[in-house]
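This is what each chain is made of:
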Amino acid sequence: GRLLGVGTGLLTLTLLAGCATDPGSQPLDLAGGVPVGAVLALTGNANVYGQDQKIGLELALQHRNGAGGINGNPLKLALEDSGSDEPGANAAFTLQINRGVLALVGPTLSQQAFSADPIAQRRGVPVVAPSNTATGIPEIGFFISRVSAQSSVIAPLAIDRALSIQPGLKRAAVFYAQDDAYSTAETTIFQTALKQKGLDPVTVQRTQLNDQDFQNQISAALREKPDLIVLSLQAVDGGNLIRQLRELGYKGLIVAGNGMNTPNIYPICQKYCDGLLIAQAYSPELDTPANTAFLKAFQAAKGGAIPPQLTAQAYTALQVIGEALVRLDKRQPLKGATLADARKALMEEILAGTYATPLGEIRFTPEGEVVQSQFFVAQVRMDPGGRSGRFALLK
Ligand code: PYR
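The structure displayed is predicted, hence computed values, not measured ones.

Caption draft 1: Spotlight on the sheet that holds strand β11 (residues 354-357). Strand order in this open sheet of three strands is β11-β12-β13, and the pairing throughout is antiparallel. Both edges of this open sheet fall to β11 and β13 (370-371), since each of them pairs with a single strand only. Relative to the sheet, helix α11 (residues 309-331) contacts β11 and β12 (360-364), its axis offset from that of β11 by approximately 135 degrees.

Caption draft 2: Highlighting the packing of helix α5 (residues 151-165) against helix α6 (residues 181-196). Relative to each other, α5 and α6 sit at 50 degrees, their axes nearing to 9 Å. By the angle between their directions, the pair α5 and α6 is classed as oblique. Between α5 and α6 lies a crossing whose hand is right-handed. Along its contact with α5, which presents Ser151, Ser152, Ala155, Pro156 and Ile159, the element α6 presents Glu186, Ile189, Phe190, Ala193 and Leu194.

Caption draft 3: Broad picture of the site of the ligand. The local shell around the ligand consists of Leu109, Ser110, Ser131, Asn132, Thr133, Tyr182 and Asn258. Between serine 110 and the ligand, the recorded distance is 2.5 Å, taken from a side-chain N or O atom to an oxygen atom. Within the backbone of serine 131, an N or O atom sits 3.3 Å from an oxygen atom of the ligand. In the complex, 98% of the free accessible area of the ligand, which totals 210 Å², lies under the protein chains. Its atoms largely coinciding with the cavity grid, the ligand occupies the largest cavity. Partitioning the shell around the ligand into residue classes produces two nonpolar, five polar and no charged.

Caption draft 4: Region of interest: the state of the cysteines. Applying the stated rule across the entire model yields one disulfide. Between the sulfur atoms of cysteine 269 and its disulfide partner cysteine 273 the distance amounts to 2.1 Å. As the torsion about the S-S bond is roughly 105 degrees, the cysteine 269-cysteine 273 disulfide counts as right-handed. Across this residue pair, the class does not change: cysteine 269 and cysteine 273 are buried.

Cut-offs used in this document
- Residues numbered from 1 in each chain as written.
- Predicted model: local features only at pLDDT ≥ 70, side-chain atom pairs only at ≥ 80, totals over all residues.
- Heavy atoms only, no water.
- Pairing = 2+ DSSP bridges.
- Helix = DSSP H or I, 4+ residues; strand = E, 2+ residues; numbered from the N terminus.
- Contact = heavy atoms within 4.5 Å.
- Axes fitted to C-alpha atoms, helices over the stretch in contact; angles between N-to-C directions.
- Parallel < 35°, antiparallel > 145°, perpendicular 65-115°, else oblique.
- Left-handed = near helix turned anticlockwise from the far one by under 90°.
- Near = heavy atom within 4 Å.
- Polar contact = N/O pair within 3.5 Å; in protein donor to acceptor, adjacent residues only side chain to side chain.
- Areas by Shrake-Rupley, 256 points an atom, 1.4 Å probe, with all protein chains shown as cover.
- 1 Å grid on protein atoms, 1.4 Å probe; cavity = no way out; pocket = protein on both sides within 12 Å on 5 of 7 lines; lining within 4 Å.
- Sits in = over half its atoms within 2 Å of the grid points.
- Nonpolar A, V, L, I, M, F, W, Y, C, P; charged D, E, K, R; others polar.
- Disulfide = S-S within 2.5 Å.
- Buried < 20%, exposed > 50% of the residue type's maximum accessible area, 1.4 Å probe, protein only.

Fair warning: the whole summary comes from geometry, so function is off the table for now.
Right, dumping it as structure tokens:
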């Protein structure tokens, strides 16, 4: 930038700083591997998701590099913790983009994605979201895609299942966290699905993500004598609410959404997690080479446990980026390209592909929405004592 005089000095500085930190026009730096970044919630309330996701990324990285990396050059993954809020996600996205990554996996929460994805979109950096389920994520822009099925295609399945377990259900009570993008998007979908099945909610209770005591909302809901409770809450607030709901005497079915879709809810709701119904975008029983390889790697790393959906989705996100990079590099070598050109070509390649993943075969709409064919419903079964449990797939 040139000096524009005293009055616009600040503007000049900002422009200069912008140029100095944006590596997009530089040749892509492939020394030490092909650089990709991930941004996960490893601290704060959403760390319960980030823990599941981190191992998925580690296993996908191992798998890619065990298969020759990106045509002989290893895939190099830099992981940053976003915390569980928007400023953390914005800062981690910016750091990774300035570091020169070709693509990003993340962020964990939809609430964070609506804040951080526009940064990647502006900077021309492909994003593959591993766990954002709110309506409208890929619509943020060309560079934004996801492998996590959106609530509208998955959440209603758990309501169908509740009705097949107990066909006489009449009085649904709904809870959602009003300060969270995932919760507000999903509850709209749950409420529409309930109405379509003649189960107009008898009450809708609003909570906040950081609430710990839900006595007021629960008491108000129980006065309506519900026989089905439908929750769009994250894991910590949802786990606490379920515990309090059972302690206050509710005995009926509970359906939860994707926010409670992690075994990390067990220590929170303990024995009261038992019976919870949650739709799944992953089946550990899927009998395909891609899922068998993933299962084997997970069980070797974790000693026999069953992979959570969030682990399979995070694995898939990095798998997609790795396979798209292999194809792109064969067609149009990464070496010698500018970072900006390689990022754009990579996004086109991601959207064009079909991928054999642990989630089954997936591809993308031109918008970047995942196209996936198989979904399931699981019921949480807690062991006596309530310390551990499993997500049992319902047939
Ligand atoms: C989301 O934030 O989109 C979740 O599904 C938790």
